[in-house]
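# Observations on chain architecture
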Protein chains: 2
Amino acid sequence: MPERRDSIRRDSRAGQPPTLRDVAERAEVSAMTASRVLRDDPRVLPATRDRVRAAAAALGYRPNVVARSLRLGRGTGLVGLVVTNLANPFYSRLALGVDSVVAADGLKTVIGNTGQDLDGERDLVADLVARRVDGIIAVPAGSDQRHLAAAASEGVPVVLASRPPDGFDADCVLVDDFGGARDATARLLSRGHRRVGFLGSPPAVYTGTERLRGYTAALADAGLPADTRLVSQGQTEPAEAERAAARLLALPDPPTALFCSNNRNTIGAFRAIRATGTDTALAGFDDFELADALGLPLTLVAYDSDELGRTAGRLLVERIRERRGGCAAPAGGEKADDGPVAPMPPRRVVAPTGLVEYGP
Amino acid sequence: MPERRDSIRRDSRAGQPPTLRDVAERAEVSAMTASRVLRDDPRVLPATRDRVRAAAAALGYRPNVVARSLRLGRGTGLVGLVVTNLANPFYSRLALGVDSVVAADGLKTVIGNTGQDLDGERDLVADLVARRVDGIIAVPAGSDQRHLAAAASEGVPVVLASRPPDGFDADCVLVDDFGGARDATARLLSRGHRRVGFLGSPPAVYTGTERLRGYTAALADAGLPADTRLVSQGQTEPAEAERAAARLLALPDPPTALFCSNNRNTIGAFRAIRATGTDTALAGFDDFELADALGLPLTLVAYDSDELGRTAGRLLVERIRERRGGCAAPAGGEKADDGPVAPMPPRRVVAPTGLVEYGP
DNA sequence: CTGTTAGCGCTTTCAA
DNA sequence: TTGAAAGCGCTAACAG
């Protein structure tokens, strides 16, 4: 009694989007044939195909990719991107780079903005896994990466950006934090500065500590001692950085130059210097828009954050392809041949940095 | 012969994430019971519940939300956000605002960056619909909105940001483009300027034309004619804007002031003014970071783009709730009572703007 | 070339 | 309290 069933369908589903069966009924074929037509399977009579196409168009049919991906057992065509602050141009450019690469593979990017909330980050990653994303690119906020390790161990490819994996294997794409910071600090020293202050993000952030190491190394290379009173870590936003810089500049024996570990701190330091009217020299990590327009000599460690994102995207896409290929071994075949195909070893790409000078 | 089936499962699914049935088998209960436990259904014996929980933990089980949403017929818990350029702080802040609101409802944001590509935008929207997102927030790049109209007509709630719907009904959240531009231009005129140039985005962009209207209205209010030679539309990036501004400044009778319809153009104009060394006055739409640091008097039309995003998110969430509620009428009930519940009429929220002055 | 059967992972309905 | 059956929308695998 299929007729009865059909009428039930029609009644209860009013307003719902049309399904493949609606199309099939209208074209008077089986769902299978409709499916074939809509996936451009050639093994369909042209006349039938046209009928199905017409029906689909008339109904405004859209294939349900959720159902499809469930059936195929493949991924969902989504990649998760986990960042702390999209409003920071570094992250938005990274996101753009990632999206441009994965989009070329038909993948969409789900952005999760955690806003420094570590618990939120854990939940977010868990949710992305539950959503069966095909892979995750993350810039973890803190030093605990167990949630990412868990995701990776469940078979979800994970790529870290701007931090190395800690406690598990994963691809990552890094910036030469140490070298960039050392070079920029050395540049300040080569201009005769002997008291150089440091402003940076919270110590838990990998890039922050690496850049602090680079700063310290440059001082050591010049035979200068590290003066902890000149080091201020923990500033996340320009306003905090401005206050911290003002404190350093108000010391009895203030620094004659400042090195900042990221663009948020550089901008804050710039404001503090301008406000106090000193001619403190300024250097920082991250190039940023209008850095050339500040009317101050400025040395910046520049790198391509779009490219960072693109590289992360490429690494992830390769892993996703690898997984697809790796699982394709048909049931009973000669699988003992080469086992489950040894996966690529974890890769680590380090993006180079360069110094940029902006004049007054 | 269920045993045989099980062994097949176990073999062929090696490496795949565990399913509810894997959990059920391990706990020696039916899939149904496992399902109930994992959704905290109280109608399960504590002992059984503990067994199931233990099995799930041991296996590292994660519910497959894709399968769940397919079964429930509800949405996927995703909202699509369609923008042209995430690297523009306006869009990244908008995205942040949207995400913060929808995340509170357990929804994730899928960002689609179209990069001004109109075809790409159409495909993207189609794909979001095929992915069965619960709703779409869009800042369309061009003037053609038929793809959004199609999505809306298929029952996907659509909210437009920063442009009104054209040719269909949808909620939208706008900025007071006309008023803001008129006020800023009037401010320039009140300082005695009589030749005010205009730099703006391509004419197809709604905000661009509205802001041009505001500029023109301010001129008319002051009894000044509109001089088309002082109007340059079509610049999307600062570099283009800089060239266009330079052209205006090189006219035999150059403008003494410039009004720019967005931050990209304002930044370009700033560079041109600084390069030519004139003391051209500058005003523009959009506040931006470091605008106070340019060493030039600057009048900006400011508004809260986070709040714009949050408002868009709120409007969308309300529509999504409405849809959920509206479809909840159980099969045969007293549905003739109030029909399909009249939907809210389309809403239009206009965010206010204010003028900000930055000094030299 | 077309249709039938079965099932992806989950949950609603109904029966035990 | 628990389970069996059915099916969300779609498609591989096999008929015919």
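The name recorded for chain A in an unreviewed UniProt entry is Putative HTH-type transcriptional regulator CelR, from Streptomyces aurantiacus JA 4570.

Further remarks concern the protein's contact with DNA strand C. Neighbouring residues of DNA strand C: 26 residues in total, closest Arg71(A), Leu20(B), Tyr61(B), Arg68(B) and Arg71(B). Expressed as a percentage, the sugar and phosphate content of the atoms of DNA strand C within 4 Å of the protein is 62%. Between DNA strand C and the protein, one listed contact pairs a phosphate oxygen with a backbone N or O atom of Ser30(A) at 3.0 Å. Take Arg71(B): an N or O atom from its side chain is 2.3 Å from a base oxygen of DNA strand C. Broken down by secondary-structure element, the contributors of at least two residues to the surface near DNA strand C are helix H3 (31-38) and helix H5 (65-72) of chain A together with helix H1 (2-12), helix H3 (31-38) and helix H5 (65-72) of chain B. Top element by residues in the surface near DNA strand C is H5(B). It accounts for 4 residues. The class makeup of the residues in the surface near DNA strand C is 11 nonpolar, 6 polar and 9 charged.

Now for the protein's contact with DNA strand D. Every one of the 26 residues lining DNA strand D counts as a neighbour, but Leu20(A), Tyr61(A), Arg68(A), Arg71(A) and Arg71(B) are closest to it. Take the atoms of DNA strand D that sit within 4 Å of the protein: sugar and phosphate atoms are 66% of them. Within the side chain of Arg71(A), a nitrogen or oxygen atom sits 2.4 Å from a base oxygen of DNA strand D. Contact between DNA strand D and Arg36(B): a base nitrogen at 2.7 Å from a side-chain N or O atom of the residue. If you list the elements that add at least two residues to the surface near DNA strand D, you get helix H1 (2-12), H3 and H5 of chain A together with H3 and H5 of chain B. Element by element, the count of residues in the surface near DNA strand D is highest for H5(A), at 4 residues. Residues of the surface near DNA strand D, tallied by class, amount to 11 nonpolar, 6 polar and 9 charged.

Once that is clear, we can look at the domain arrangement of chain A. The assigned domain composition of chain A is domain 1 (1-28), domain 2 (75-175 + 305-352) and domain 3 (177-302). Between domain 1 of chain A and domain 3 of chain A, the C-alpha centre-to-centre distance is 67 Å.

Further remarks concern the environment of Leu296(B). All names here are of chain B. Mapped onto the elements of the fold, Leu296 is located in the loop between strand E9 (281-285) and strand E10 (298-302). Since its relative accessible area comes to 16%, Leu296 is described here as buried. C-alpha of Leu296 to C-alpha of Arg122: the two residues are 174 residues apart in sequence and 41 Å apart in space. Look past the residues within four positions of Leu296 in its chain and what remains in contact with it is Phe270, Ile273, Leu282, Tyr358, Gly359 and Pro360.

What follows deals with the packing of H3(A) against helix H4 (residues 46-59) of chain A. Residue and element names in this part refer to chain A. Where H3 meets H4, the closest approach of the two axes is 9 Å, and the angle between their N-to-C directions is 85°. Comparing their axes, H4 and H3 come out roughly perpendicular. On the side of H3, the interface is formed by Thr33, Ala34, Val37 and Leu38, while H4 contributes Thr48, Arg49, Val52, Arg53 and Ala56. When the residues that make up the contact of H3 with H4 are grouped by side-chain class, the tally is 5 nonpolar, 2 polar and 2 charged.

Attention shifts here to the side chain of Gln235(B). All names here are of chain B. Note that Gln235 resides in the loop between strand E7 (231-233) and helix H11 (238-249). Within the structure, the side chain of Gln235 is placed 2.9 Å from the side chain of Asn265, a separation counted as a polar contact. Non-local contacts of Gln235, meaning those with residues more than four positions away in its chain, are made with Leu199, Gly200, Ser201, Pro202, Glu240, Ala241, Ala244 and Asn265.

All told, the structure shown has 54 salt bridges over all chains when counted by the stated rule. Here Arg62(A) ties to Glu154(B) by a salt bridge, and the two come within 3.1 Å at their closest N and O atoms. Of this pair, Arg62(A) sits in the loop between H4 and H5 while Glu154(B) sits in the loop between helix H8 (146-153) and strand E4 (158-161), placing the two residues on different chains. Residue Arg347(B) pairs with Glu318(B) through a salt bridge whose shortest N-O separation is 2.3 Å. Of the two residues, Arg347(B) sits in the loop between helix H13 (305-326) and strand E11 (348-351) while Glu318(B) sits in helix H13, which places them 29 residues apart along the sequence. Look at the salt bridges and you will find they share partners, linking Asp171(A), Glu318(A), Arg319(A), Glu322(A) and Arg347(A) into a network.

So, about the packing of aromatic side chains. Throughout the structure, instances matching the rule amount to 10 aromatic pairs over all chains. Judged by centre distance (5.9 Å) and plane angle (55°), the rings of Phe285(A) and Tyr303(A) are tilted. One end of the pair, Phe285(A), is in strand E9 (residues 281-285); the other, Tyr303(A), is in the loop between strand E10 (298-302) and helix H13 (305-326), with 18 residues separating them in the sequence. Tyr303(A) matches Phe285(A) in its accessibility class, with the two residues each being buried. Ring geometry for Phe198(B) and Tyr215(B): centres 5.0 Å apart, planes at 45°, overall tilted. Taken together, the residues Phe198(B) in strand E6 (residues 196-200) and Tyr215(B) in helix H10 (residues 206-221) connect sequence positions 17 residues apart. When sorted by exposure, Phe198(B) lands in the same class as Tyr215(B), which is buried. In this arrangement the basic side chain of Arg211(A) is found over the ring face of Phe285(A), its NZ or CZ atom lying 3.6 Å from the centre.

Our next topic: the sheet that holds E9(A). All names here are of chain A. Read across the open sheet, the 6 strands follow the order E7-E6-E8-E9-E10-E12; overall the sheet is mixed. Looking at the sheet topology across the chains shown, the edges are occupied by strand E7 (231-233) and strand E12 (354-358). Each adjacent strand pair in this sheet contributes to an overall mean axis angle of 15°, direction not counted. Judged from the 4 bridges that link them, strand E6 (residues 196-200) and strand E8 (residues 257-260) form a sheet pairing that is parallel. Among the inter-strand pairings, Phe198 is bridged to a residue of E8, identified as Phe259. Contacting E6, E7, E8 and E9, helix H10 (residues 206-221) runs over the sheet at an angle of about 170° to E6. The sheet contacts of helix H12 (residues 263-276) involve E6, E8, E9 and E10, and relative to E9 the element is tilted by about 165°.

What counts, and where the lines are drawn
Residues numbered from 1 in each chain as written. Chains lettered and ligands numbered in written order. Predicted model: local features only at pLDDT ≥ 70, side-chain atom pairs only at ≥ 80, totals over all residues. Heavy atoms only, no water. Near = heavy atom within 4 Å. Polar contact = N/O pair within 3.5 Å; in protein donor to acceptor, adjacent residues only side chain to side chain. Helix = DSSP H or I, 4+ residues; strand = E, 2+ residues; numbered from the N terminus. Nonpolar A, V, L, I, M, F, W, Y, C, P; charged D, E, K, R; others polar. Domains from an automatic or database assignment. Buried < 20%, exposed > 50% of the residue type's maximum accessible area, 1.4 Å probe, protein only. Contact = heavy atoms within 4.5 Å. Axes fitted to C-alpha atoms, helices over the stretch in contact; angles between N-to-C directions. Parallel < 35°, antiparallel > 145°, perpendicular 65-115°, else oblique. Salt bridge = Lys/Arg side-chain N within 4 Å of Asp/Glu carboxyl O. Phe/Tyr/Trp six-rings, centres within 6.5 Å; stacked < 30°, edge-to-face > 60°. Lys NZ or Arg CZ within 6 Å of the ring centre and 35° of its normal. Pairing = 2+ DSSP bridges.

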